[in-house]
Amino acid sequence: MTETNCGTVAVVGAPNAGKSTLVNAMVGQKVAIVSAKVQTTRQRLMGIAVDGTVQLLLIDTPGIFQPRRRLDRAMVKAAWDGAADADVIALVVDAKTGLRGEVPDIIAALAKRREPKYLVINKVDISVKEKLLVLAQAANALLPFDEIFFVSASTGDGVPELKTALAGRLPPGPWHYPEDQLSDATTRLMASELTREQLYQQLHAELPYAATIETEKWEERRDGSIAIHQQIVVERDSQKAIVLGKGGARIKEIGATSRAAISELTGKPVHLFLHVKVRPDWGDDRSLYNSVGLDFVD
């Protein structure tokens with residue numbers, strides 16, 4: 001029998017470094033939502049990639065930043081929990097922002113970890129090439145990384161080489177998931193994530209990231225279609241008006257685009273019903289944390 005390898009790669013970094021885009025690129029299919037909005041990823045999600053006889057379990061974590069409220073603390077906890085017991089840690093750094101912001105603190109925390117650590121400098125396609133080596137040297141001075149890669153997750157440049165290198169560090173063992181499985185996320189969770197992605201993409205500058213999607217009902221109909229009722233939870237009446245749009249036009253567009261994406265995900269016709277609810281204190285609602293895959297933290 002052919003010997004196989006399988007292991008976990010924790011993909012960590014500051015918000016908006018391109019972690020989800022990188023995970024999607026290595027999997028070869030979308031398993032995590034992306035947007036230009038900072039802190040789009042909230043919970044730990046796993047993308048499952050294959051490189052030859054190796055199965056890579058890619059843990060896509062929320063961006064690590066200085067938390068200010070309960071939701072922030074839950075997201076940062078999810079990020080570090082995702083890195084727990086990983087076989088390899090891949091730190092993704094935005095080539096344009098470099099070592100500013102939270103990155104030095106993340107590197108300092110990683111220095112205490114025993115796992116092999118790779119530095120992945122992302123977005124090289126939109127960065128000044130002459131500064132990339134300087135950035136790599138500065139980061140390596142803070143923490144000697146096992147390997148350094150320059151990639152563009154959005155174009156795919158350098159991604160196959162990174163994927164193969166990560167695969168080479170994973171231990172022998174049987175695959176944990178079937179060959180055709182791409183993520184550990186449930187279909188219901190992915191459906192709510194796809195709707196949240198549309199919120200961010202269509203209302204990027206207008207809607208704060210503290211909105212969430214709650215699935216109220218999921219019905220498999222006899223005709224093979226799925227009826228999904230989702231609640232968009234916002235904090236203020238003004239945000240509700242933004243989501244609805246003039247004459248309900250915006251929420252219709254969000255619903256139409258999300259419905260098409262969910263239909264592609266499930267391979268079935270989808271009837272999507274969206275409702276907007278104002279809940280000023282939703283960030284302290286334990287049940288909502290459970291529904292979006294986050295731990296409720298004090």
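Before going into details, it helps to say that this report is about the structure given with it. (Residues numbered from 1 in each chain as written. Predicted model: local features only at pLDDT ≥ 70, side-chain atom pairs only at ≥ 80, totals over all residues. Heavy atoms only, no water.)

## Here's the deal with the overall build of the protein
Turning to step 1, where the next piece is worked out: If you tally the helices and strands in the protein, you get 9 helices and 9 strands.
Turning to step 2, where the next piece is worked out: Looking at the protein as a whole, 53% of its 298 residues are labelled buried.
Turning to step 3, where the next piece is worked out: Considering only contacts in the protein between residues 6 or more positions apart, those separated by 24 or more positions represent 72%. (Helix = DSSP H or I, 4+ residues; strand = E, 2+ residues; numbered from the N terminus. Buried < 20%, exposed > 50% of the residue type's maximum accessible area, 1.4 Å probe, protein only. Contact = heavy atoms within 4.5 Å.)

## Topic: the nonpolar core
Turning to step 1, where the next piece is worked out: Residues Val9, Leu22, Leu56, Leu58, Leu162 and Leu166 are the most contacted members of the largest nonpolar core, which totals 26 residues.
Turning to step 2, where the next piece is worked out: If you list the elements that add at least two residues to this core, you get strand S1 (5-13), helix H1 (19-27), strand S3 (54-60), strand S4 (88-94), strand S5 (117-122) and helix H5 (159-167).
Turning to step 3, where the next piece is worked out: With 5 residues, the single largest contributor to this core is H5.
Turning to step 4, where the next piece is worked out: Not counting the four nearest positions on each side in its chain, leucine 56 is found in contact with Gly7, Gly47, Ile48, Ala49, Val50, Asp51, Lys163, Leu166, Ala167 and Leu170.
Turning to step 5, where the next piece is worked out: Core analysis: the next-biggest nonpolar cluster, separate from the first, contains 21 residues, Ile89, Val93, Ile121 and Ala136 among them. (Core = buried A, V, L, I, M, F, W, Y, C linked by side-chain atoms within 4.5 Å.)

## Some thoughts on the side chain of glutamine 198
Turning to step 1, where the next piece is worked out: One can find glutamine 198 in helix H6 (residues 187-202).
Turning to step 2, where the next piece is worked out: Residues within four places of glutamine 198 in sequence aside, it is in contact with Leu203, Ile254, Thr257 and Ser258.

## Side note on the packing of H1 against H5
Turning to step 1, where the next piece is worked out: Contact pair H1 / H5: the axes reach a minimum separation of 10 Å and the direction vectors enclose 80 degrees. Of the possible angle classes, the one that applies to H1 and H5 is roughly perpendicular. Contacts between H1 and H5 involve Leu22, Ala25 and Met26 from the first element and Val159, Leu162, Lys163 and Leu166 from the second.
Turning to step 2, where the next piece is worked out: Tallied by class, residues from the contact of H1 with H5 come to 6 nonpolar, no polar and 1 charged. (Axes fitted to C-alpha atoms, helices over the stretch in contact; angles between N-to-C directions. Parallel < 35°, antiparallel > 145°, perpendicular 65-115°, else oblique. Nonpolar A, V, L, I, M, F, W, Y, C, P; charged D, E, K, R; others polar.)

## Concerning unusual backbone geometry
Turning to step 1, where the next piece is worked out: Its identity as a non-glycine residue notwithstanding, asparagine 16 has a phi of 70 degrees, on the positive side.
Turning to step 2, where the next piece is worked out: Along the chain, asparagine 16 turns up in the loop between S1 and H1.
Turning to step 3, where the next piece is worked out: Notably, lysine 123 is not glycine yet its phi reads approximately 70 degrees, a positive angle.
Turning to step 4, where the next piece is worked out: For lysine 123, a relative accessible area of 19% translates into the label buried.

## Observations regarding the pattern of salt bridges
Turning to step 1, where the next piece is worked out: Under the criterion given, the structure shown has 6 salt bridges.
Turning to step 2, where the next piece is worked out: Glutamate 115 is the salt-bridge partner of arginine 113, the closest N and O atoms lying 3.0 Å from each other.
Turning to step 3, where the next piece is worked out: A residue is classified by how much of its surface remains accessible, and glutamate 115, at 14% relative accessible area, is buried.
Turning to step 4, where the next piece is worked out: We note a salt bridge from arginine 196 to glutamate 193, for which the minimum N-O separation is 2.9 Å. (Salt bridge = Lys/Arg side-chain N within 4 Å of Asp/Glu carboxyl O.)

## Here's the deal with the sheet that holds strand S9 (residues 270-278)
Turning to step 1, where the next piece is worked out: One open sheet accounts for 3 strands, arranged S7-S8-S9; its pairing is mixed. In the strand order of this sheet, the two ends are held by strand S7 (212-220) and S9, each with one partner. Sheet twist, expressed as the average angle between the axes of neighbouring strands with direction ignored, equals 20 degrees.
Turning to step 2, where the next piece is worked out: Alignment of strand S8 (residues 226-234) against S9, held across 9 bridges, turns out to be parallel. Residue valine 234 lies in a different strand from S9, and its bridge partner there is valine 278.
Turning to step 3, where the next piece is worked out: Relative to S7, H6 is tilted by about 135 degrees, and along the sheet it contacts S7, S8 and S9.
Turning to step 4, where the next piece is worked out: Strands S8 and S9 of the sheet are contacted by helix H7 (residues 237-244), whose axis makes an angle of about 155 degrees with S9. (Pairing = 2+ DSSP bridges.)

## Here we look at the packing of H6 against helix H8 (residues 249-266)
Turning to step 1, where the next piece is worked out: At a minimum axis separation of 9 Å, H6 and H8 run at an interaxial angle of 140 degrees. Crossing of H6 against H8: the hand is right-handed. For the pair H6 and H8, contact is made by Thr187, Met190, Ala191, Leu194, Thr195, Gln198, Leu199 and Gln202 and by Arg250, Glu253, Ile254, Thr257, Ser258, Ala261, Ile262, Leu265 and Thr266, respectively.
Turning to step 2, where the next piece is worked out: Broken down by class, the residue content of the contact of H6 with H8 amounts to 8 nonpolar, 7 polar and 2 charged. (Left-handed = near helix turned anticlockwise from the far one by under 90°.)

## Let's talk about the sheet that holds strand S2 (residues 45-51)
Turning to step 1, where the next piece is worked out: Pairing is mixed in the open sheet, where 6 strands are placed in the order S2-S3-S1-S4-S5-S6. In this open sheet, the two strands that pair with only one neighbour each are S2 and strand S6 (147-150). Each strand of the sheet is rotated relative to its neighbour by a mean of 25 degrees, with strand direction disregarded.
Turning to step 2, where the next piece is worked out: Relative to S4, S1 runs parallel, the two being bridged by 5 bridges. When the bridges of S4 are listed, valine 9 appears paired with valine 88.
Turning to step 3, where the next piece is worked out: Where H1 meets the sheet, its contacts fall on S1, S2, S3, S4 and S5, and the angle it forms with S3 comes to roughly 160 degrees.

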